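Below, each chain spelled out in residue letters.
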Amino acid sequence: MSEIPVVESITLHRLDVPLVRPFETSFGRETVRDVLLVHVRTDRGEGWGECVAGRDPFYSSEYVDGAASVIERYLAPALLRGRVDAPRAGAVGGTGAGAAIASVPLAASVAPALDFVAGHRMAKAALEAAVLDAELRAQGRSMSECFGAVREWVDCGVSVGIAPTLEELLDEVMGYVEAGYRRIKLKIKPGWDLVPVGAVREELGAAGLLQVDANTAYTTRDIPLLAQLDAFDLLLIEQPFAEEDLAAHVRLARACETPVCLDESILGTTTVIDAIERGATSVVNVKPGRMGGYLEALRVHDACVLRGVPVWAGGMLETGVGRAANVALAALPGFTLPGDTSASDRYFAEDLTEPFVLGDGEHRGQLRVPDAPGTGVTVREELVRAWATRAPVVVR
Ligand code: SMG
Ligand code: MG
């Protein structure tokens, strides 16, 4: 085992990255991505992580000002104070998540060091991602290699927001189909469900892969309505009810044929096992930010594979920094459904790293998994400066 790097400083960057079109969900509309990047310097090199918290606490209780504050006040100081011992002989090894985690002792020390802070998983995940990038770069290993990727290209889906009109929705969807996307996900909410979903199914034809995401907008009174979505042969219904209401999802799962998939409710291995055993979810959306980090996401992946539950990679409108890591994760064997791992130009005219571009020919609708050390992408620091909305915050 090579020597473990030591974290020397942690810098927070805030920037506004304009979206190519507004993105509307059941809880709001975004026109700009308010991005928080974490830059870690170690004695062996540096790394970057992206925080997925949104500008407002609408998708989850976390939001980007809160994440920046908790990192600056609590998490970064704790990490800088922490000391990481080399793993004991015999502690390295095992398979799957265990082996991956044992191979990155510095990144593996992050979650335990930050555990004294309740919640704030997106903030913790961003720090861990930056440390992981730095540690893997120092080892000369890619994230995909560390995670145990089994494919060089991943299937891409696209998440389509609520549109002003049905016509505009169909235009947008067909644009993505022409671009090659292998699966369409429609955002739904009460009043924007059966009609748009039926129209898109008609336009896509029977073979098109289609799913919906409600971001908790429904209640159990809507179960009969949601069961009518069975008519449209969907891959899954994502998170129709409140985050803490597993029982409602169990009731829906019993009332409809379409698989129920949890997103917001799944905070890590404990909640995913509980949700699967209760019958609240039969497919899982994996977002490392929501789970406190990529290493916990690896454990969630393994727990799902062990139980025969397919997973897919969620997205949080990440720039290239977070997207690169998500694509590496999506290359694991349990990710058998296309992810919300769309190309950079789905959201951004210009990305903060080299752009992710859909392949063509046999790789139409796929993204190539980066294989250079760490995330495998390079942050365009001139853009981080040009788009900054406040001065960087350095914690030493
Ligand atoms: O990155 O393409 C993406 C976003 C995919 O729909 C997406 N994410 O609930 O799954 C989800 C949402 C959360 C973000 S909404 C601002
Ligand atoms: Mg979702």
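Everything that follows concerns the structure shown earlier in this document.
Described in the following lines is the structure provided in the data block. Everything quoted here is computed from the prediction, not taken from an experiment.

Quick look at the packing of helix 6 (residues 166-179) against helix 7 (residues 194-204) now. Angle between the axes and distance between the axes: these two values describe a pair of packed helices. At a minimum axis distance of 10 Å, the contact between helix 6 and helix 7 shows a crossing angle of 40°. In terms of orientation, helix 6 and helix 7 fall into the oblique class. Crossing of helix 6 against helix 7: the hand is right-handed. Between helix 6 and helix 7, the residues in contact are Leu166, Leu169, Leu170, Val173, Met174 and Val177 and Val195, Pro196, Ala199, Val200, Glu203 and Leu204, respectively. Split into classes, the residues belonging to the contact of helix 6 with helix 7 amount to 11 nonpolar, no polar and one charged.

Time to look at a negative patch on the surface. Together, Glu167, Glu168, Asp171, Glu202 and Glu203 make up a region of like negative charge exposed at the surface. Among the elements of the structure, helix 6 and helix 7 are those that each provide at least two residues to the negative patch. Broken down by element, the residue count for the negative patch peaks at three residues, all from helix 6. Along the chain, Glu167 turns up in helix 6.

Two numbers describe how helix 10 (residues 269-278) lies on helix 11 (residues 294-306): the axes approach to 9 Å, and their chain directions differ by 20°. Here helix 10 lies roughly parallel to helix 11, going by the angle between them. When the axes of helix 10 and helix 11 are compared, the crossing they make is right-handed. Between helix 10, through Thr269, Val272, Ile273 and Ile276, and helix 11, the contact on the second element is made entirely by Glu296, Arg299, Val300, Ala303 and Cys304. Grouping the amino acids of the contact of helix 10 with helix 11 by side-chain chemistry returns six nonpolar, one polar and two charged.

When a protein is soluble and globular, its nonpolar side chains tend to lie buried together. With 116 residues, the main nonpolar core has Ile10, Phe147, Leu186 and Leu229 as its most contacted residues. Formed jointly, this core draws a minimum of three residues from each of two domains, domain 1 (7-140 + 381-395) and domain 2 (147-368). Beyond its immediate stretch of four places on either side in the chain, Leu229 contacts Ile188, Leu194, Val197, Val212, Leu234, Ile237 and Thr258.

Moving on to the environment of Val17. Mapped onto the elements of the fold, Val17 is located in strand 1 (residues 7-25). Placed 234 residues apart in sequence, Val17 and Arg251 show a C-alpha to C-alpha distance of 40 Å. Residues in contact with Val17, not counting those within four places in the same chain, are Val32, Arg33, Val35, Thr319, Phe348, Glu350 and Trp387.

Glancing now at the side chain of Asp351. The residue Asp351 is located in the loop between helix 12 (320-330) and strand 12 (366-368) in this model. For the buried Asp351, no salt bridge exists, and the shortest N-O distance to an oppositely charged side chain is 4.8 Å, to Arg323. A polar atom in the side chain of Asp351 sits 2.7 Å from the backbone nitrogen of Gly320. Setting aside anything within four residues of it in sequence, one finds Asp351 in contact with Thr319, Gly320, Ser344, Arg380 and Leu383.

Turning to the site of ligand 1, a few remarks are in order. In the vicinity of ligand 1 lie 19 residues, with Ser159, Lys185, Asn215, Leu317 and Tyr347 positioned nearest. Taking Tyr347, its side chain carries an N or O atom lying 2.7 Å from an oxygen atom of ligand 1. Considering ligand 1 on its own, with 430 Å² of exposed area, one finds that the protein chains cover 98% of that surface. Of the residues that constitute the shell around ligand 1, the class distribution is six nonpolar, four polar and nine charged. Domain assignment of the residues forming the shell around ligand 1 places at least three in each of domain 1 (7-140 + 381-395) and domain 2 (147-368).

Ideal coordination angles are 109.5 degrees for a metal with four donors arranged tetrahedrally and 90 or 180 degrees for a metal with six donors arranged octahedrally. The magnesium ion (ligand 2) binds to the protein through Asp213 (OD), Glu238 (OE) and Asp263 (OD); the donor distances cover 2.1 to 2.3 Å. Sequence positions of the residues that donate to the magnesium ion (ligand 2) give the spacing D-x24-E-x24-D. Here Asp213, found in strand 7 (residues 210-213), pairs with Glu238, found in strand 8 (residues 237-238); they are 25 residues apart in sequence, far enough to count as distant. A relative accessible area of 1% means that Asp213 is categorised as buried. Since its relative accessible area comes to 0%, Glu238 is described here as buried.

Another aspect to go through is the packing of aromatic side chains. Under the defined criterion, the tally for this structure stands at five aromatic pairs. A ring pair is formed by Phe27 and Tyr59, whose centres lie 6.4 Å apart and whose planes are at 55°; its orientation type is tilted. One end of the pair, Phe27, is in the loop between strand 1 and strand 2 (28-42); the other, Tyr59, is in the loop between strand 3 (45-51) and helix 1 (64-81), with 32 residues separating them in the sequence. On the accessibility criterion, Phe27 (27% relative accessible area) is partly exposed. Centre to centre, the rings of Phe147 and Tyr294 are 6.0 Å apart; their planes meet at 10°, and the pair counts as stacked.

What counts, and where the lines are drawn
- All residue numbers refer to position in the chain's written sequence, counted from 1.
- To read the labels, note that chains go from A and ligands from 1, taken in the order they are written.
- In keeping with the predicted nature of the model, local features appear solely for residues at pLDDT of at least 70, side-chain atom pairs appear and are counted solely at 80 or more, and the whole-chain, interface and lining totals rest on all residues.
- Computation of side-chain values: all heavy atoms of the structure, hydrogens and water removed.
- To define axes, lines are fitted to C-alpha atoms, for helices over the stretch in contact only, and angles between the resulting N-to-C directions are given on a 0 to 180 degree scale.
- Numbered from the N terminus, helices here are DSSP runs of H or I no shorter than four residues, and strands are runs of E no shorter than two.
- Note that the term roughly parallel is reserved for angles under 35 degrees, roughly antiparallel for angles over 145, roughly perpendicular for angles of 65 to 115, and oblique for everything else.
- By the definition used in this description, the sense in which the near helix is turned from the far one sets the handedness, with an anticlockwise turn below a right angle giving left-handed and a clockwise turn giving right-handed.
- Throughout, a contact is declared for two residues whenever any of their heavy atoms are within 4.5 Å.
- Ten residues, namely Ala, Val, Leu, Ile, Met, Phe, Trp, Tyr, Cys and Pro, are considered nonpolar, four, namely Asp, Glu, Lys and Arg, are considered charged, and the remaining ones, Gly among them, are considered polar.
- Without a salt bridge and with relative accessible area above 30%, a residue can belong to a patch; like charges are then joined within 9 Å and nonpolar side chains (Val, Leu, Ile, Met, Phe, Trp, Tyr) within 5 Å.
- For the area figures, the Shrake-Rupley method with a 1.4 Å probe applies, and any residue is considered shielded solely by the protein chains shown.
- Basic side-chain nitrogens of Lys or Arg form a salt bridge, by our definition, when they fall within 4 Å of a carboxyl oxygen of Asp or Glu.
- Counting rule applied: Lys, Arg positive; Asp, Glu negative; His and chain ends not counted.
- Where a charge lies is defined by one atom per residue type, namely NZ (Lys), CZ (Arg), CG (Asp) and CD (Glu).
- By nonpolar core we mean a set of buried residues, namely Ala, Val, Leu, Ile, Met, Phe, Trp, Tyr and Cys, connected to one another through side-chain atoms within 4.5 Å.
- Relative accessibility decides the category of a residue: with a 1.4 Å probe and only protein chains considered, values under 20% of the type maximum give buried, values over 50% give exposed, and everything between is partly exposed.
- Residue ranges assigned to each domain were obtained from an automatic or database domain assignment.
- Counted as a polar contact is a pair of N or O atoms within 3.5 Å, where, for protein atoms, one must be capable of donating a hydrogen and the other of accepting one, and residues adjacent in sequence contribute only when both atoms are in side chains.
- Throughout, the term near means that a residue has one or more heavy atoms lying within 4 Å of the molecule or strand in question.
- Only nitrogen, oxygen and sulfur atoms qualify as donors, and only when within 2.8 Å of the metal (3.2 Å in the case of Na, K and Ca); with water excluded, sites may look incomplete.
- Each Phe, Tyr or Trp ring (for Trp, its six-membered ring) is paired with any other whose centre lies within 6.5 Å, and the angle between the two planes then decides the class: stacked below 30 degrees, edge-to-face above 60, tilted in between.

By themselves, these figures tell us nothing about what the structure is for.
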